[in-house]
Amino acid sequence: MKPLISVDNLYKEYSENLPEPVKVLQDLNVKVFRGEFVSLMGPSGSGKSTLLNLLGLLDSPTNGTITFQQREVSKLTHFEKARLRNSSFGFIFQGFNLLKKNSVLENVMLPLLYSKVTRDKAVDAAKNILYATGLESLTNRFPSQLSGGQQQRVAICRALVVQPQVVLADEPTGNLDSATAIQIMKILRDLNRDQGITIILVTHEKDIASYGSRLIQMRDGVIQKDDTLGIKER
Ligand code: ADP
Ligand code: MG
């Protein structure tokens, strides 16, 4: 089976506005297969977010290659990369990152407005996903009128509206109480299990990481450990 994502000899350093470049990822190699649920752990500053951003085509490697569905990403034009990112990846962040002045419906529609979908179709798709996730009563609210857990559920809808191959989640439960965190993890687990969506999740917490099928531990920009996990029943 060919990997969905292959990372080969990946190096990343930051040099913009710095006296000396900062090496963040060093000769990192990893393959991710369709349908995996990968949890990524490691101390603060170990390069987890950097890796996630590179996987999601939000940033470019200093050296090395990332191949997504057999296409080497660095060979794509800026436009092709943006199109691939927008159609194939859904992003979820610790701070939810909803637009405060836009309604829930408008927030969920947003990724579709970057593609060629008409506004009417985007409205329909956003309404469908809000309905399917039981959030239809929140459709016309604004982010400030929602709890943290509700905001993250809206952000999950926004990630899913493009029907992504991969969901990338950077500490999605970091701002939530533990009961709400469990609800969010169950949603992600079900998406992986029932819809086969590949998930790559960064977390600080072992309990949260244990929802995954695989645990990768990073330190100082390299992978230290890579283990298969048993099924978690909660
Ligand atoms: P993690 O998510 O594991 O906490 P990050 O990937 O955010 O780690 O950061 C890894 C290292 O790269 C840190 O030392 C951080 O300070 C540095 N770093 C991250 N982004 C930038 C940037 N845009 N410019 C310079 N250094 C950065
Ligand atoms: Mg981080």
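Cut-offs applied
- Residues numbered from 1 in each chain as written.
- Chains lettered and ligands numbered in written order.
- Predicted model: local features only at pLDDT ≥ 70, side-chain atom pairs only at ≥ 80, totals over all residues.
- Heavy atoms only, no water.
- Buried < 20%, exposed > 50% of the residue type's maximum accessible area, 1.4 Å probe, protein only.
- Helix = DSSP H or I, 4+ residues; strand = E, 2+ residues; numbered from the N terminus.
- Contact = heavy atoms within 4.5 Å.
- Salt bridge = Lys/Arg side-chain N within 4 Å of Asp/Glu carboxyl O.
- Near = heavy atom within 4 Å.
- Polar contact = N/O pair within 3.5 Å; in protein donor to acceptor, adjacent residues only side chain to side chain.
- Areas by Shrake-Rupley, 256 points an atom, 1.4 Å probe, with all protein chains shown as cover.
- Nonpolar A, V, L, I, M, F, W, Y, C, P; charged D, E, K, R; others polar.

Student: Give a description of helix α3 (residues 104-113) that names residues and reports values.
Tutor: Most of α3 is tucked away, with seven of its 10 residues classed as buried. Taken together, the buried positions of α3 are Val104, Leu105, Asn107, Val108, Met109, Pro111 and Leu112. Looking at the buried positions of α3, the neighbouring elements they touch are α2 (78-88), α4 (119-132) and α5 (148-160).

Student: Just give me the short version of the pattern of salt bridges, but keep the residues and values in it.
Tutor: A full pass over the atoms with the stated rule returns nine salt bridges. Aspartate 8 serves as the salt-bridge partner of lysine 31, at 3.8 Å between the closest nitrogen and oxygen. Taken together, the residues span a long stretch of sequence, with lysine 31 in strand β2 (residues 22-32) and aspartate 8 in strand β1 (residues 5-14) at a distance of 23 residues. Here glutamate 36 makes a salt bridge to arginine 214, at a shortest N to O gap of 2.9 Å. Here the residue glutamate 36 occupies a position in the loop between β2 and β3 (37-41), and arginine 214 occupies one in strand β9 (residues 214-219), the gap between them amounting to 178 residues. Among the residues examined, arginine 214 registers a relative accessible area of 10% and is labelled buried. Connected through salt bridges with shared partners, the residues Arg189, Asp190, Arg193 and Asp194 form a single ionic network.

Student: Give a detailed account of the site of ligand 1, specifying residues and quantitative values.
Tutor: Taken together, Tyr14, Leu18, Val24, Pro43, Ser44, Gly45, Ser46, Gly47, Lys48, Ser49 and Thr50 make up the full set of residues adjacent to ligand 1. Here an oxygen atom of ligand 1 and a side-chain polar atom of lysine 48 are 2.8 Å apart. Between threonine 50 and ligand 1, the recorded distance is 2.6 Å, taken from a side-chain N or O atom to an oxygen atom. Contact with the protein chains covers 59% of the free accessible surface of ligand 1, which is 560 Å². Tallied by class, residues from the shell around ligand 1 come to four nonpolar, six polar and one charged.

Purely spatial values, then, with no claim about function.
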